[in-house]
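Architecture and fold: a report
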Amino acid sequence: MSTFRPAFPMATDDKPSQERDATRVLLSHKVDGVIINPVSVREHAHIDAITGAGVPVVSLDRQLSDIGIDSVVADNETATEQAIRHLIGLGHRRIAFLGSVQREEPPVLRVGKVRANVVGPSRPSLDRARGYLRALTTAGLPVERELIALVPHDAPDSRLEAVAAVLAAEPRPSALFTADSYMTRSAFSLLSERGIAVPGEMSLIGFDDLEWTTLVRPRISVVVQPAYDMGRAAAGQLFAQIARQDGAGAGRGQRTVVPTRFIERDSTGAAP
């Protein structure tokens, strides 16, 4: 029976240099396997070095299956599409999208007369933007560039500016979808500061169910990312790789998609 060494948690603060340093430390400690939440899905030579050393790896919340690494992700695109469809069902036609993106891998938003798309790798923020675009297109609603804000995650001051810019659109949107907890907090803060009634004047749906979303009033409707289930699935894949009897213990590029849940609370209502 194999004996696994204790877990060795390491935080990288979403910084590529710290991630590279962390992987070197893990290799020096001869770990049995690694679960990693990679900063970049394109620049991964340091992750290749781990698999090259014969150490099993599972990518959490990011897809790296193109290089044969197993990944566990949330169903970001479908979850966002369903949330936007919920708003459309409430009569909303001008729905804004606000999300944080990785500065190292900036997306390109292309809005044409017939279709719109986001050019970039598969990662949570961009897949959520794709779900938003798909929901609008399916419903026959126009995609308006002024209602879409993609802000570098390491530029916190820009979040409030992005929310303000979206609210300044004419006519003003009647609903906001915030694709991460940072943007949800910024949006709720500015709406409260300006006295914009939620949901009377503006509906709000956020992605991620943090404790504060139920402590404020109105309580915020959210898409729940199944963090526990994702972590459990990633651990299961890693242990399977370690125990596999094919000699290498390597991943096979398997992509496991964990479903999300939508919780409707008090911040969504009929379009004014």
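One can find the structure itself at the top, above this paragraph.
Model, not experiment: these values are computed from the prediction.

Under the criterion given, the structure shown has three aromatic pairs. Measuring from centroid to centroid gives 5.2 Å for Phe-97 and Tyr-132, while their planes differ by 40 degrees, and the two rings are tilted. Residue Phe-97 is located in strand β4 (residues 95-101), and its partner Tyr-132 is located in helix α4 (residues 124-138); the two are separated by 35 residues in the primary sequence. With respect to burial, Phe-97 and Tyr-132 carry one shared label: buried. Ring pairs connect the aromatic residues Phe-97, Tyr-132 and Phe-177, which therefore count as one cluster. In this structure, Arg-128 packs its charged tip against the face of Phe-207, placed 3.6 Å from the ring centre.

Inspection of every chain in the model, using the stated rule, returns two cavities of 30 Å³ or more. Quantified by volume, the largest cavity comes out at close to 40 Å³. Around the largest cavity, the lining residues are Asp-61, Arg-62, Gln-63, Val-73, Ala-74, Asn-76, Ser-122, Arg-123, Pro-124, Asp-127 and Arg-255. Elements with a contribution of two residues or more to the lining of the largest cavity: β3 (70-74) and α4. By residue class, the composition of the lining of the largest cavity is three nonpolar, three polar and five charged. Volume-wise, the second largest cavity comes out at about 40 Å³. Forming the boundary of the second largest cavity are Arg-93, Arg-94, Ile-95, Tyr-132, Leu-136, Pro-142, Glu-144 and Leu-147. Across the lining of the second largest cavity, the residue classes tally to five nonpolar, no polar and three charged.

Thresholds applied
Residues numbered from 1 in each chain as written. Predicted model: local features only at pLDDT ≥ 70, side-chain atom pairs only at ≥ 80, totals over all residues. Heavy atoms only, no water. Phe/Tyr/Trp six-rings, centres within 6.5 Å; stacked < 30°, edge-to-face > 60°. Helix = DSSP H or I, 4+ residues; strand = E, 2+ residues; numbered from the N terminus. Buried < 20%, exposed > 50% of the residue type's maximum accessible area, 1.4 Å probe, protein only. Lys NZ or Arg CZ within 6 Å of the ring centre and 35° of its normal. 1 Å grid on protein atoms, 1.4 Å probe; cavity = no way out; pocket = protein on both sides within 12 Å on 5 of 7 lines; lining within 4 Å. Points joined across faces, edges and corners; volume = space filled by probe spheres on them. Nonpolar A, V, L, I, M, F, W, Y, C, P; charged D, E, K, R; others polar.

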